[in-house]
Amino acid sequence: MHRARRRFDLSAVAELLLGVPTVLSSLLIVGLAGKAVTPGTLWLVPVVWLVSGVIVFVPATDKVLAVVAHRLRRPTPTESELLNPLLDEVCGAAGVDPRRFWLRIQNSREINAMAVGGHVVGVSTAALRLPGPQLEAVLAHEVGHHLAGHTKISLLRWWYELPARWTVWLVVMAGVVIHAVGSAIGTSGARAISIALVVVLAAAALVVSPWLVLVPVIAPLLALSSRRAELHADRVAAELGYGPLLLEVLQRWVKEGHDEQRARAGLRARMLASHPSCAHRISRLHNKK
């Protein structure tokens, strides 16, 4: 049973595959940079960049991302006293060493939790006010993400997509500046030139980052993969014995209007949502009983 929980979930594999077009664009961009920097050894920069992916597996990376990307802090002694026994219980049920995970806190008024990299389990200050058993179920869900490999795959994809995404961002910023300058000058000639330059920039972006064409397809599929990952983490928590308690947390969220906010967001927002609705998660958990 433990072996089944620890293997990569299909949603993690799907996310990895969906990142291939963007990663290939990144490789093209890095290759062009390598050609400019080391024309005598065209392979050097791309190989160094590919090897750099090992940074994802360096524990210090998790600590940096927890602070920089997620604004997480170390728990106070009182918070540690509350959380450590709960994490120990979850890890005991899962058959893993609790020292593998690092607890972190997010200062937030919303009940929230997250798994970061391969080690970090974060909870919000609002979540700390949940009854102990419910908070333990929330931790079980986040540990489920780690056991399935969701967080490592997401981090690896993010790292290898950076060159392509930075390039697109630079092109967009350059286009905004060019358009603003053309508008500021005000003459029809200046506006025409600025529009032409923006079109050229857009074409160049498509040449070096052809994955942009696939964004309308990839983005909803990545969101679907993320929602499946959430359901898988719920399933792991249920297998560890936390199904009824996780149901209580989800039902609490329903009462707080989480699904109502989602329904008002519209079809496109629901398609791009990273989490399934509470009602759907509740239904799936009921089916696992």
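Preceding this section is the structure that the text describes.
To start, this report covers the structure provided alongside it. Keep in mind that what you see is a predicted model, and the values were worked out from it rather than measured.

Calculation rules
Residues numbered from 1 in each chain as written. Predicted model: local features only at pLDDT ≥ 70, side-chain atom pairs only at ≥ 80, totals over all residues. Heavy atoms only, no water. Helix = DSSP H or I, 4+ residues; strand = E, 2+ residues; numbered from the N terminus. Buried < 20%, exposed > 50% of the residue type's maximum accessible area, 1.4 Å probe, protein only. Contact = heavy atoms within 4.5 Å. Lys, Arg positive; Asp, Glu negative; His and termini not counted. Charge placed at Lys NZ, Arg CZ, Asp CG, Glu CD. Patch = residues over 30% accessible without salt bridge, like charges linked within 9 Å, V, L, I, M, F, W, Y side chains within 5 Å. Areas by Shrake-Rupley, 256 points an atom, 1.4 Å probe, with all protein chains shown as cover. Salt bridge = Lys/Arg side-chain N within 4 Å of Asp/Glu carboxyl O. Axes fitted to C-alpha atoms, helices over the stretch in contact; angles between N-to-C directions. Parallel < 35°, antiparallel > 145°, perpendicular 65-115°, else oblique. Nonpolar A, V, L, I, M, F, W, Y, C, P; charged D, E, K, R; others polar. Pairing = 2+ DSSP bridges. Polar contact = N/O pair within 3.5 Å; in protein donor to acceptor, adjacent residues only side chain to side chain. Left-handed = near helix turned anticlockwise from the far one by under 90°.

**What to know about the overall build of the chain**
Across its full length, the chain holds 13 helices and four strands. Projected onto its principal axes, the C-alpha coordinates of the chain cover approximately 65 × 50 × 35 Å. Put simply, the chain has 289 residues, and 44% of those count as buried. Long-range contacts, defined here as pairs at least 24 residues apart, represent 72% of the contacts in the chain between residues at least 6 apart. Each charge class in the chain can be summarised by its mean position, and for the 31 positive and 19 negative side chains these summaries are 7 Å apart.

**Description of a nonpolar patch on the surface**
Together, W43, L44, V47, V48, V51, V54 and F57 give the surface a local cluster of nonpolar side chains, amounting to about 680 Å² of exposed area. Its place among the elements puts W43 in the loop between α3 (20-37) and α4 (44-51). With a relative accessible area of 54%, W43 lands in the exposed category.

**Describing the packing of helix α2 (residues 10-18) against helix α8 (residues 150-185)**
Where α2 contacts α8, the two axes come as close as 9 Å, and the packing angle between them is 5°. Here α8 runs roughly parallel to α2, going by the angle between their axes. Contact with α2, carried on its side by S11, A12, E15 and L16, involves H150, I153, S154 and R157 of α8 and no other residues of that element. Split into classes, the residues belonging to the contact of α2 with α8 amount to three nonpolar, three polar and two charged.

**Observations concerning the pairing of strand β3 (residues 113-116)**
Judged by which residues are buried, β3 turns out to be covered on both faces: A113 and A115 on one side and M114 and V116 on the other are all buried. Two elements, β3 and strand β4 (residues 120-124), share four bridges in a ladder whose sense is antiparallel. Residue pairing across strands places A113 opposite V123, the latter belonging to β4. Taken together, β3 and the strand that follows it, β4, pair antiparallel across an intervening segment of three residues, in which G117 is found at a positive phi of about 60°.

**Let's talk about the pattern of salt bridges**
Enumeration according to the criterion identifies seven salt bridges in this entry. Residues E15 and R157 are paired through a salt bridge, measuring 3.0 Å at the closest nitrogen-oxygen approach. Here R157 lies in helix α8 and E15 lies in helix α2, a separation of 142 residues in the sequence. On the basis of relative accessible area, R157 is assigned to the buried category, the value being 17%. With a shortest N-O distance of 3.5 Å, E256 and R252 are connected by a salt bridge. With relative accessibility at 41%, the residue E256 sits in the partly exposed group. Linked through salt bridges whose partners overlap, the residues forming this network are E15, R157, E161 and R165.

**Things to note about the side chain of E161**
Within the secondary structure, E161 sits in helix α8. Looking at E161, its side chain comes within polar contact range of the side chain of R165, at 3.0 Å.

**So, the packing of α3 against α4**
Direction vectors running N to C along α3 and α4 enclose 140°, while the axes themselves pass 7 Å from each other. Classified by the angle their axes make, α3 and α4 are oblique. Handedness of the crossing formed by α3 with α4: right-handed. Contacts from V23, S26, L27, V30, G31 and G34 of α3 reach α4 at V45, P46, W49 and L50.

**Examining the sheet that holds β4**
Strand order in the open sheet formed by four strands is β1-β2-β4-β3, with mixed pairing between adjacent strands. Unpaired on one side and paired on the other, β1 (72-73) and β3 mark the two borders of the sheet. Strand direction decides the pairing type here: strand β2 (residues 102-106) and β4, joined by five bridges, are parallel. Residue pairing across strands places I105 opposite V123, the latter belonging to β4. Helix α5 (residues 59-68) rests against β1, β2, β3 and β4 of the sheet, and its axis sits at about 10° to β2.

**Looking at unusual backbone geometry**
Of note in this structure, R71 is not a glycine but carries a positive phi near 55°. Among the secondary structure elements, R71 is positioned in the loop between α5 and β1. According to the relative accessible area criterion, R71 is exposed, its value standing at 66%.

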